[in-house]
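Architecture and fold: a report
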Amino acid sequence: MSTVTQTHFRTCNLCEAMCGLEIEARDEEILAIRGDKTDPFSRGHICPKATALADVYHDPDRLRQPVRRTANGWQPISWDVAFDEVVSNLKRIQGEYGRNAIAVYQGNPNVHNLGAMLYSPSFVRTLRTQNRFSATSVDQLPHHFAAYFMFGHQLLLPIPDVDHTGFLLMLGANPLASNGSLMTAPGIGNRLKKLQKRGGQLVVIDPRRTETAVLANTHHFIKPGTDVLLLLALLHTLFAEGLADPGPLAALADGLEQVQQAVAPFTPELAVGPTGIPAAAMRQLARDFAGAKTAVCYGRIGVSTQPFGGLCHWLINLLNFVTGNLDSPGGAMFTMPAIDIVGITTMTGQTGRYGRWHSRVRQLPEFGGELPVAVLAEEMLTPGEGQIKGMVTIAGNPVLSTPNGRQLDEALAGLEFMVAIDIYINETTRHANIILPPTTGLETEHYDLIFHALAVRNTAKFSPALFPPAADTRHDWQIFQELRARMEGKPLPTRQSPQGKLDFFARMPPAQIVDLALRFGPYGAHGFNKNRLDEQGLKLPTLKRQPHGVDLGPLQPNLKHRLVTPNRRIQLAPDLFLADLDRVWQTWAEGAVDDGTLLLIGRRQLRSNNSWMHNSPRLVRGKDRCTLLMHPEDAQKRNLADGAQVTVCSRTGTIHLPLAVSDAMMPGVVSIPHGWGHDRDGVMMATAVRHPGASINDLTDDQQIDQLTGNAAFCGVPVTVEPGPKQPV
Ligand SMILES: Nc1nc2c(c(=O)[nH]1)N[C@H]1C(S)=C(S)[C@@H](COP(=O)(O)OP(=O)(O)OC[C@H]3O[C@@H](n4cnc5c(=O)[nH]c(N)nc54)[C@H](O)[C@@H]3O)O[C@H]1N2
Ligand SMILES: Nc1nc2c(c(=O)[nH]1)N[C@H]1C(S)=C(S)[C@@H](COP(=O)(O)OP(=O)(O)OC[C@H]3O[C@@H](n4cnc5c(=O)[nH]c(N)nc54)[C@H](O)[C@@H]3O)O[C@H]1N2
Ligand code: SF4
Ligand SMILES: [Mo]
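None of these values were measured; they are calculated from a predicted model.

Assigned secondary structure in the chain consists of 26 helices and 30 strands. Against the globule reference of 27 Å for 729 residues, the chain gives a C-alpha radius of gyration of 25 Å, in line with a compact fold. Oriented by its inertia axes, the alpha-carbon framework of the chain measures out at about 70 × 70 × 55 Å. The buried share among the 729 residues of the chain stands at 62%. Surface accessibility of the chain: about 27,500 Å² in total, with carbon and sulfur atoms responsible for 52%. Treating the 68 positive side-chain charges of the chain as one cloud and the 69 negative ones as another, the clouds have centres 5 Å apart.

In structure tokens form, the structure reads like this:
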């Protein structure tokens, strides 16, 4: 037998960091996965998850053929039978109960998958349901909300210019574990160290002394869910002390005076009790931030998923604006990627929408065509017209990743029909009647449509597939194409078919769309930045000749040309945000009440990736990492010893897990990582089941949301912690 050893270069698609990989493979065996030192962006950085791509590829539990759930277990079926059954059931349910009786949930890996990004929307549109959900509403929804109302486009997200800033104020993010989010910056640890080396400051605000906080020049503990008061106090101080100086961008903005008036009542003194941060420290922070030559405030999951997530991101944008750091080098900048998704979606009218419809039971508003996932279970469990009876999940595991996951688990079990497009039989997909498994990772071509647009430098890279797809398998995009065609009752579009002629994109494979988008993009033959590369401009063949990717330069000020608000000006004081300040006032006008309730927060771990990579033996090796972190004083009060098994209860549920006593926690706050809890009947992921952990989302609450955006509010769930039960020996 002949063997060929090849070296393959690609981008890791597991998290947002876009690290370049160098993979050595012989035939279908992976010999080594290393960081690609020649990648101009990641320069050799990788994390332990990269090597686990090999485990996903070889995983015997990964599905490679459609399966049907029967009374006697899962049965392999042909693609044709599977597609038929899926489409006839979706149609039957919509025929009987109406369009909205089918719900769709799209999970995180969609955004890391070129085929799914390009092709899932047209399939989802054929369902014409208003019950569309995604991981956005347990994640970055407040960022989109603030961007839409302030800059006119939900994807016009300000990115911290970490490589040039002199002061980084970071709230609710731990990039040393997460590798950065809405800030694609491979090797973020080195970038932060360089910031410090050039004399800059890193200030971290977090209820836990995280890996990132340890590196920081200053770390302030904050009580979960109270960042809104800190941010208001910072703005208050800037105005009160005459430090507000937006610079040239002021000429492009409406509403500065309204902002000044609105923040006036929110003094540092008001924030002291609730946040636990001294007033003097807040004032000093405001002065340091305003005094730095360049500065940027950045907030992520810890401030997005809290009861004032929407306000937090509005205030973060304001802080950057008011100090002259918006759209300015070293501040919060807007990217100009080679495929300009903001430009393209502006042309197609997808800048964002709000409130066109509301959820049936709780009346929460739609944003960007989706409802908040916190209402998903109640829409299944509440009888009446419009009740959800069937479900499509696409690369999502909402049982482990959305609030009150146990309730959703039960609701899914009661559906008439469910289909999952997924590679595993896990906590969510075990409820499916049919699972359609796509190829994944190393078998797919890759271009990061989204993360190039969120990166701290403009770069572009195309990754060819390393391995051909296994026999009789389908790529995600082929699954969506087939589902769409069958839903519409039309044959698959071809060059000859009427639909293929009409709908140019419907019959193009993903790489061809990438090529077109590059050619017509900002660095393409007609783009204004083409000289950066060559006279002919950027196109797919250029990227194929440059397997390590190309650097397109640092972020440049460009907001003036990108704003798409109706009057093309920055809206500093949208009514919705101003009105929501009343809620802040009502919550804390009487001061803070500290009744000793423990508040639960989450955490990320370097060797986990949300809920789905615990089947990789090398990632779960060693001590149980799904532990409850608690401050020594809180443990002592409850007579709990390090390593003891504890019972954690909230309004929604109870879980058991080991305790890890740690003074890295703020007293009164406990932490559990998310994505665990694999010990449910029927999960067919052998390694994960042996390392089950417990799910934090059995404790989080579907009723605890940000009222403004509908985003889940995971931060600060009230819990009790007691000893036991004893573990069986
Ligand atoms: N308490 C708490 N909960 C949280 C968070 C938190 O911080 N705290 N974080 C939230 C955040 S930020 C997010 S993004 C969500 C994530 O929430 P989800 O997206 O719902 O969950 P994942 O764990 O990412 O599940 C991904 C699913 O996709 C499948 N999959 C993997 N690769 C592929 C592929 O190539 N194709 C297809 N079709 N399927 C694939 C996996 O098998 C798995 O079922 O969790 C949220 N939940
Ligand atoms: N290794 C790994 N990397 C990942 C992921 C993963 O699961 N594992 N998931 C990816 C995904 S989907 C995302 S969205 C990103 C998220 O990336 P990050 O936002 O960096 O996520 P976390 O590491 O969870 O950091 C959130 C921090 O918020 C803190 N926090 C909690 N509550 C509060 C609060 O009320 N106020 C403040 N100020 N802080 C609070 C927590 O203690 C924690 O340190 O990570 C991505 N990268
Ligand atoms: S940091 Fe993220 S992109 Fe980089 S190797 Fe790890 S998982 Fe992959
Ligand atoms: Mo996320």
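Turning next to the layout of surface pockets. In this structure, the second largest pocket spans a volume of roughly 750 Å³. Elements supplying a minimum of two residues to the lining of the second largest pocket: α10 (268-275), α23 (575-588), β25 (598-603) and α25 (632-637). A per-element tally of the lining of the second largest pocket places α23 first, with 3 residues. A breakdown of the residues in the lining of the second largest pocket according to their chemical character gives 14 nonpolar, 10 polar and 7 charged.

Interface size is commonly expressed as the accessible area that is lost once the parts come together. If you check the domain split of the chain, you get domain 1 (67-140 + 343-436), domain 2 (141-338 + 563-584) and domain 3 (595-723). In this structure, domain 1 and domain 2 have C-alpha centres spaced 34 Å apart. Counting residues at the interface gives 14 residues for domain 1 and 18 residues for domain 2. In total, about 1,300 Å² of surface goes out of reach between domain 1 and domain 2, with carbon and sulfur atoms giving 62% of it. Across the domain 1-domain 2 interface, the total number found is 1 salt bridge.

Before going further, it helps to spend a moment on the site of ligand 3. Taken together, Cys12, Leu14, Cys15, Ala17, Met18, Cys19, Ile46, Cys47, Lys49, Ala50 and Asn179 make up the full set of residues adjacent to ligand 3. By residue class, the composition of the shell around ligand 3 is 9 nonpolar, 1 polar and 1 charged.

Glancing now at empty space enclosed by the protein. Applying the stated criterion to the full structure yields 6 cavities of 30 Å³ or more. The calculated volume of the second largest cavity comes to roughly 160 Å³. Lining the second largest cavity are 15 residues, and of these His143, Pro158, His313, Ile316 and Asn317 sit closest to its centre. Elements represented by at least two residues in the lining of the second largest cavity include exactly α4 (141-151), β13 (296-299) and α13 (309-322). Broken down by element, the residue count for the lining of the second largest cavity peaks at 4 residues, all from α13. Split into classes, the residues belonging to the lining of the second largest cavity amount to 10 nonpolar, 5 polar and no charged.

Before going further, it helps to spend a moment on the site of ligand 1. Inspection of the region around ligand 1 gives 29 residues, with Tyr105, Asn108, Ser401, Asp422 and Ser611 positioned closest. Between an oxygen atom of ligand 1 and a side-chain N or O atom of arginine 604, the distance comes to 3.1 Å. In this structure, serine 611 approaches ligand 1 through a side-chain N or O atom, which is 2.5 Å from an oxygen atom. Bound to the protein, ligand 1 loses 97% of the 940 Å² it would expose on its own. Counting only domains with at least three residues in the shell around ligand 1, you end up with domain 1 (67-140 + 343-436) and domain 3 (595-723).

Looking now at a positive patch on the surface. A surface patch of positive charge is lined by Arg43, Lys193, Lys194, Lys197 and Arg198. Residue position: arginine 43 is located in the loop between β3 (29-35) and α1 (52-58).

Glancing now at the pairing of strand β15 (residues 354-358). Across 2 bridges, the pairing between β15 and strand β16 (residues 365-367) is antiparallel. Counterpart to tyrosine 354 in the pairing with β16 is phenylalanine 367. Hairpin remark: β15 followed by β16, antiparallel, with 6 residues in the connecting loop; positive phi at glutamine 363, about 60 degrees.

Two elements in contact, α10 and helix α11 (residues 279-291), have axes separated by 8 Å at closest approach and are oriented at 120 degrees. Judged on the interaxial angle alone, α11 and α10 are oblique. Handedness of the α10/α11 crossing: right-handed. Taking contact as the criterion, the partners of Pro268, Glu269, Ala271, Val272 and Thr275 in α10 are, on α11, Ala279, Met282 and Arg283. Partitioned by chemical class, the residues of the contact of α10 with α11 number 5 nonpolar, 1 polar and 2 charged.

This paragraph deals with the nonpolar core. Core analysis: the biggest nonpolar cluster contains 99 residues, and Phe151, Leu169, Val228, Trp314, Ile570 and Val584 have the highest contact counts within it. Top contributing element to this core by residue count: helix α8 (residues 227-240), with 10 residues. Those residues in contact with phenylalanine 151 that sit more than four places away from it in its chain are Ala146, Leu156, Pro158, Asn317, Leu326, Phe334, Leu559, Leu563, Val564, Thr565 and Ile570. If you look at the next biggest cluster of nonpolar residues, it comprises 32 residues, including Ala135, Leu371, Val399 and Ala420.

What follows covers the packing of aromatic side chains. Following the criterion strictly, the structure yields 17 aromatic pairs and no others. Measuring from ring centre to ring centre gives 5.3 Å for phenylalanine 266 and tryptophan 585, while their planes differ by 90 degrees; the resulting arrangement is edge-to-face. Of this pair, phenylalanine 266 sits in the loop between α9 (256-263) and α10 while tryptophan 585 sits in helix α23, placing them 319 residues apart in sequence. Assessed through its relative accessible area of 4%, phenylalanine 266 is described here as buried. Residue classification places tryptophan 585 among the partly exposed positions, given a relative accessible area of 38%. Ring geometry for tryptophan 314 versus phenylalanine 577: centroids 5.4 Å apart, planes at 10 degrees, classification stacked. Of this pair, tryptophan 314 sits in helix α13 while phenylalanine 577 sits in helix α23, placing them 263 residues apart in sequence. A single burial state applies to tryptophan 314 and to phenylalanine 577, both of which are buried. Among the aromatic residues, ring-to-ring pairing joins Phe145, Tyr148, Phe149, Trp314, Tyr354, Phe367 and Phe577 into one connected group. Taking the ring centre of tyrosine 97 as reference, the NZ or CZ of lysine 389 above it sits at 4.9 Å.

All right, on to the pairing of strand β9 (residues 167-171) then. Every other side chain in a regular strand lies on the same face of the sheet, so the side chains alternate between the two faces. With respect to burial, β9 is a largely interior element, 5 of its 5 residues being buried. Neither face of β9 is left uncovered, since the one carrying Phe167, Leu169 and Leu171 and the one carrying Leu168 and Met170 both have all their residues buried. Direction of pairing for β9 relative to strand β10 (residues 201-205): parallel, over a ladder of 5 bridges. Bridging from a neighbouring strand, leucine 168 pairs with leucine 202 of β10. Note that β9 and β13 share 4 bridges and pair parallel. The partner of leucine 169 across the bridge, within β13, is cysteine 297.

This brings us to the sheet that holds strand β4 (residues 67-70). One open sheet holds the 7 strands; their spatial order is β5-β4-β19-β18-β17-β6-β7, and the pairing between them is mixed. The strands lining the two open edges of the sheet, one partner per strand, are β5 (73-76) and β7 (132-134). Recorded for the sheet is a direction-independent mean angle of 20 degrees between the axes of neighbouring strands. Two elements, β4 and strand β19 (residues 434-436), share 2 bridges in a ladder whose sense is antiparallel. The residue bridging arginine 68 from the neighbouring strand is isoleucine 434, located in β19.

Rules and cut-offs
Residues numbered from 1 in each chain as written. Chains lettered and ligands numbered in written order. Predicted model: local features only at pLDDT ≥ 70, side-chain atom pairs only at ≥ 80, totals over all residues. Heavy atoms only, no water. Helix = DSSP H or I, 4+ residues; strand = E, 2+ residues; numbered from the N terminus. Rg over C-alpha atoms; globule rule 2.2 N^0.38 Å. Buried < 20%, exposed > 50% of the residue type's maximum accessible area, 1.4 Å probe, protein only. Areas by Shrake-Rupley, 256 points an atom, 1.4 Å probe, with all protein chains shown as cover. Lys, Arg positive; Asp, Glu negative; His and termini not counted. Charge placed at Lys NZ, Arg CZ, Asp CG, Glu CD. 1 Å grid on protein atoms, 1.4 Å probe; cavity = no way out; pocket = protein on both sides within 12 Å on 5 of 7 lines; lining within 4 Å. Points joined across faces, edges and corners; volume = space filled by probe spheres on them. Nonpolar A, V, L, I, M, F, W, Y, C, P; charged D, E, K, R; others polar. Domains from an automatic or database assignment. Contact = heavy atoms within 4.5 Å. Buried area = accessible area lost by both parts, 1.4 Å probe. Salt bridge = Lys/Arg side-chain N within 4 Å of Asp/Glu carboxyl O. Near = heavy atom within 4 Å. Polar contact = N/O pair within 3.5 Å; in protein donor to acceptor, adjacent residues only side chain to side chain. Patch = residues over 30% accessible without salt bridge, like charges linked within 9 Å, V, L, I, M, F, W, Y side chains within 5 Å. Pairing = 2+ DSSP bridges. Axes fitted to C-alpha atoms, helices over the stretch in contact; angles between N-to-C directions. Parallel < 35°, antiparallel > 145°, perpendicular 65-115°, else oblique. Left-handed = near helix turned anticlockwise from the far one by under 90°. Core = buried A, V, L, I, M, F, W, Y, C linked by side-chain atoms within 4.5 Å. Phe/Tyr/Trp six-rings, centres within 6.5 Å; stacked < 30°, edge-to-face > 60°. Lys NZ or Arg CZ within 6 Å of the ring centre and 35° of its normal.

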